[in-house]
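Examination of the molecular architecture
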Amino acid sequence: MSNVVDLLERIGRSSRLQALTGEQLARELAQAGVAPAVQAAIVQQQPGQLEELIGASKNVCCMVHAPQDEEPEEQQPEDGGERRVARAG
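Residues numbered from 1 in each chain as written. Predicted model: local features only at pLDDT ≥ 70, side-chain atom pairs only at ≥ 80, totals over all residues. Heavy atoms only, no water.

Let's talk about the nonpolar core
If you look at the biggest cluster of nonpolar residues, it comprises 13 residues, and the most contacted ones within it are V4, L25, L29, V34, V38, I42 and L50. Among the elements of the structure, α1 (2–13), α3 (22–31), α4 (36–43) and α5 (47–54) are those that each provide at least two residues to this core. (Core = buried A, V, L, I, M, F, W, Y, C linked by side-chain atoms within 4.5 Å. Buried < 20%, exposed > 50% of the residue type's maximum accessible area, 1.4 Å probe, protein only. Helix = DSSP H or I, 4+ residues; strand = E, 2+ residues; numbered from the N terminus.)

Structural notes on the pattern of salt bridges
Evaluated as defined, the whole model comprises 3 salt bridges. For E9, the salt bridge is made with R13, and the minimal N-O distance between the two is 3.9 Å. On the criterion of helical spacing, the pair formed by E9 and R13 is a turn pair, its members being 4 residues apart in helix α1. Owing to a relative accessible area of 44%, E9 belongs among the partly exposed residues under this scheme. We classify R13 as exposed; its relative accessible area is 62%. For R10, the salt bridge goes to E28, with nearest N and O atoms at 4.0 Å. Note that R10 is positioned in helix α1 and E28 in helix α3, a separation of 18 residues in sequence. (Salt bridge = Lys/Arg side-chain N within 4 Å of Asp/Glu carboxyl O.)

Okay, here's the thing in structure tokens:
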């Protein structure tokens, strides 16, 4: 499975490989030693079939849980920290 994932990652990073026609992509996959059924699933853009063939987990959800920020500090004015109030008068 990892060689297929590595190959798909390499294709994703390469504009040359992304521009290949179906036949050219099939040749590239064959040269990499990818099984014919896996090649067909990739070339025919069948992600469900590909997941099944390589034993990938379905319904994967990735997320990052960011901790809550502490209460923001009051911003100090840039003129030395004193606040000036203009009085009308």
